[in-house]
Amino acid sequence: MAEFIKRYGSEEACERALFASRWPQGWRCPKCDCEQSCTFYRDGRKYWKCYRCAHQTTLVSGTLFAATKLALSQWFLALYVLTQTKNSVSNLELMRHLGVCYRTAWRVKHKIMQAMADRESTRQLAGRVEVDDAYLGGEKPGGKAGRGSENKVPFVAAVQTTPEGHPQLMRLDPVSGFTKEAIGAWSKIALMESTLVVSDGLNCFPAVTESGATHQPHRVGSGRQSVEHAEFRWINILLGNLKTSISGTYHAFKFRKYAHRYLAEVQYRFNRRFRLKDMLARLLRAAVLARPRSESTLRLATVRTC
Ligand SMILES: [Zn+2]
């Protein structure tokens, strides 16, 4: 926190950091890439006007922060809170941290989660990957109780490990169900061709070979359990952590509607857990690259599934 305040403790410091993240080589026109501009102020806000095409830009236009009424220092505090905590923070906690109303906190959180989801959407796992079927919602978020129960969102949990079995990267993707079609489609997005997929042998998982991956089923519960369970050590630990994190933070959220964002948030933080110091600057860059989204767009979102 002390370091955060030192670096981003004033509105001016946040403006400088955002400018540097957006235009590291100096201002450029987002329309025509021209480097020359004149600046003027309107309603207390600084504008850059392109010499060539007359396009007008503010520091936040065209980014995640577009049309915001919040101070940048509040946005930076939200980025800090959402990257530096081990578990997630609820809208209510964020509301208290930022000193804003619940609806504003909701918007801030969902915009940031969407930027995280955008960043993680193209990630592909490779090498040895443990996969498992899991559910969000119902009595046990992240748990496996009651496959097929109605109010739950099924998702594939996949973790890439080193050959020695240490976890490296993770993907968490809602799917329409645990069918061969859904898993086949998922595998083409989530896995590199060379991947070795280790699963518990659920009927749908052989479809991962559609991506070119090799499938190695380990049937748990058919004797030699202790040995076989070792294959799923990390996926089980991570699903346990996910359950604790989500049930400890959120009493209820609309799993079906927003599951992809909440899962992407967990995935984003996990995949950057060894670069905690850089995480805020990287998320700021993601926010600069994310396109602006209105609250109505965010509320319309449905679970992106394979
Ligand atoms: Zn221009």
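Structure's up top.
The rules we used
- Residues numbered from 1 in each chain as written.
- Predicted model: local features only at pLDDT ≥ 70, side-chain atom pairs only at ≥ 80, totals over all residues.
- Heavy atoms only, no water.
- Pairing = 2+ DSSP bridges.
- Helix = DSSP H or I, 4+ residues; strand = E, 2+ residues; numbered from the N terminus.
- Donors = N, O, S within 2.8 Å, 3.2 Å for Na, K, Ca; no water.
- Tetrahedral: all angles 85-135°; square planar, octahedral: opposite > 155°, others 65-115°.
- Salt bridge = Lys/Arg side-chain N within 4 Å of Asp/Glu carboxyl O.
- Buried < 20%, exposed > 50% of the residue type's maximum accessible area, 1.4 Å probe, protein only.
- Contact = heavy atoms within 4.5 Å.
- Axes fitted to C-alpha atoms, helices over the stretch in contact; angles between N-to-C directions.
- Parallel < 35°, antiparallel > 145°, perpendicular 65-115°, else oblique.
- Left-handed = near helix turned anticlockwise from the far one by under 90°.
- Nonpolar A, V, L, I, M, F, W, Y, C, P; charged D, E, K, R; others polar.

**Considering the sheet that holds strand 3 (residues 56–57)**
Taken together, the three strands give an open sheet; going across it, the order is 1-2-3, and neighbouring strands pair in antiparallel fashion. Every interior strand has two partners, whereas the edge strands, strand 1 (37–42) and strand 3, have only one.

**Topic: the environment of alanine 54**
Examined against the element boundaries, alanine 54 turns out to sit in the loop between strand 2 (45–50) and strand 3. Placed 23 residues apart in sequence, alanine 54 and lysine 31 show a C-alpha to C-alpha distance of 9.6 Å.

**What about the coordination of the zinc ion?**
Metal coordination angles have textbook ideals: 109.5 degrees for a tetrahedral set of four donors and 90 or 180 degrees for an octahedral set of six. The coordination sphere of the zinc ion contains the protein donors Cys29 (SG), Cys32 (SG), Cys50 (SG) and Cys53 (SG), at a distance range of 2.3 to 2.4 Å. Every donor counted, the four donor atoms about the zinc ion form angles of 100 to 117° at the centre, which fits tetrahedral coordination. Of note, the zinc ion draws all its donor residues from one chain, in the sequence arrangement C-x2-C-x17-C-x2-C. Here cysteine 32 is found in the loop between helix 2 (11–22) and strand 1, whereas its partner cysteine 50 is found in strand 2, with 18 residues between them in sequence.

**Concerning the pattern of salt bridges**
Tallying each qualifying case throughout the model produces 14 salt bridges. Note that aspartate 33 is salt-bridged to arginine 28, the shortest N-O span being 3.0 Å. Exposure remark for aspartate 33: the relative accessible area of 45% places this residue in the partly exposed category. The residue glutamate 210 makes a salt bridge to lysine 188 at a minimum N-O spacing of 3.6 Å. Of the two residues, glutamate 210 sits in the loop between strand 7 (196–199) and strand 8 (214–217) while lysine 188 sits in helix 6 (residues 180–190), which places them 22 residues apart along the sequence. Judged by relative accessible area, which is 45%, glutamate 210 ranks as partly exposed. The structure contains a network of salt bridges with shared partners spanning Arg103, Arg107, Glu295 and Arg299.

**A short note on helix 6**
Think of an α-helix as 3.6 residues a turn; residues three or four steps apart then line up on the same face. Along helix 6, the residues classified as buried are Ala182, Ile183, Gly184, Trp186, Ser187 and Ala190. Buried-residue contacts for helix 6 involve strand 4 (128–136), strand 5 (153–161) and strand 6 (167–174).

**Section: the packing of helix 3 (residues 72–84) against helix 5 (residues 102–120)**
The N-to-C vectors of helix 3 and helix 5 enclose an angle of 60°; their axes lie 11 Å apart at closest approach. When the interaxial angle is binned, helix 3 and helix 5 end up oblique. Crossing handedness for the pair helix 3 and helix 5: right-handed. Between helix 3 and helix 5, the residues in contact are Trp75, Ala78, Leu79 and Leu82 and Val108, Lys109, Lys111, Ile112 and Met116, respectively. Across the contact of helix 3 with helix 5, the residue classes break down as seven nonpolar, no polar and two charged.

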